[in-house]
Amino acid sequence: MAARGGCVGLERGAGRGDAAALVAFSIGSETGGSIVSPSMRCGVTGLRPTFGRVPRTGAMTLCWSLDKLGPMTRGVEDAMLVLQAISGPDAGDVSSVPSRLELDVTGPVAGLRVGYFPAWMKEMPATDVDRAALET
């Protein structure tokens, strides 16, 4: 399968499917990196929502106080659409909360602030792609 970013490993299957355009989106479950890591390695957009924003009803829980479900897509706009669809309260998950999301893709980029740890960008797992994105 030709996926971007050297995407390898069974745990990155959803990220590979997104990167290769085999699926429109996938839902990842994050306890310790299962949205963030495949997204970073496969070059797709992964969104790890705040705990409680997306109900975990029907998902296998590894750690009830840490697990989060979130979208992996090929772009930010798609991630937002999926997140809007899966967010909100669910009687089957008492930790889920009401939430409202807004995205203005026509808004200016000027003035946006991005926080990061400079030392992290100099070592693994940061890549040249990550550093180029930061420069841009």
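In the block above lies the structure referred to throughout.
Small disclaimer: the values here were computed from a predicted structure and weren't measured.

Asks: Can you explain the packing of aromatic side chains? Please cite residues and give values.
Replies: In this description, an aromatic ring pair is defined by two values, namely the gap between the centres and the angle between the planes. Per the counting criterion, the structure on display carries one aromatic pair. Aromatic side chains Phe117 and Trp120 sit 4.3 Å apart centroid to centroid with 40 degrees between the ring planes, which places their arrangement in the tilted category. Summarising the burial analysis for this pair, Phe117 and Trp120 share the class exposed.

Asks: How would you explain the sheet that holds strand β2 (residues 45–46) if you had to name every residue and give the values?
Replies: Taken together, the three strands give an open sheet; going across it, the order is β1-β3-β2, and neighbouring strands pair in antiparallel fashion. A single partner strand is all that each edge strand has here, and the edge strands are β1 (26–30) and β2. With two bridges connecting them, β2 and strand β3 (residues 68–73) associate as antiparallel partners. Counterpart to Gly46 in the pairing with β3 is Met72. Here helix α3 (residues 76–86) sits on the sheet in contact with β1, β2 and β3, set at roughly 145 degrees to β3.

Asks: Tell me about α3, residues and numbers included.
Replies: The set of residues buried in α3 consists of Ala79, Met80, Val82 and Leu83. The arc that holds every buried residue of α3, seen down its axis, measures 165 degrees, which confines them to one face. Residues of α3 that are exposed and angled more than 90 degrees away from the buried face: Leu81 and Ala85. Structurally, α3 contributes buried residues whose contacts are with β1, β2 and β3.

Asks: Outline the pattern of salt bridges, listing residues and values.
Replies: Under the defined criterion, the tally for this structure stands at four salt bridges. Between Glu102 and Arg100 there is a salt bridge whose closest N-O contact spans 2.0 Å.

Asks: Tell me about the nonpolar core, and please be specific about residues and values.
Replies: Soluble globular proteins tend to bury their nonpolar side chains together. Formed by Val54, Leu69, Met80, Leu83 and Leu101, the largest nonpolar core amounts to five residues. The residues contacting Val54, other than those within four sequence positions of it, are Pro49, Leu69, Leu83, Ile86, Ser87 and Asp93.

Asks: Account for the environment of Leu101, with residues named and values stated.
Replies: Looking at the secondary structure, you find Leu101 in the loop between α3 and α4 (128–135). On a C-alpha basis, the gap between Leu101 and Leu62 in space is 27 Å, while along the polypeptide they are 39 residues apart. Once you skip the residues sitting within four places of it in the chain, Leu101 turns out to touch Arg53, Met80, Leu83, Gln84 and Ser87.

Cut-offs used in this document
- Residues numbered from 1 in each chain as written.
- Predicted model: local features only at pLDDT ≥ 70, side-chain atom pairs only at ≥ 80, totals over all residues.
- Heavy atoms only, no water.
- Phe/Tyr/Trp six-rings, centres within 6.5 Å; stacked < 30°, edge-to-face > 60°.
- Buried < 20%, exposed > 50% of the residue type's maximum accessible area, 1.4 Å probe, protein only.
- Pairing = 2+ DSSP bridges.
- Helix = DSSP H or I, 4+ residues; strand = E, 2+ residues; numbered from the N terminus.
- Contact = heavy atoms within 4.5 Å.
- Axes fitted to C-alpha atoms, helices over the stretch in contact; angles between N-to-C directions.
- Arc of directions from axis to C-beta.
- Salt bridge = Lys/Arg side-chain N within 4 Å of Asp/Glu carboxyl O.
- Core = buried A, V, L, I, M, F, W, Y, C linked by side-chain atoms within 4.5 Å.

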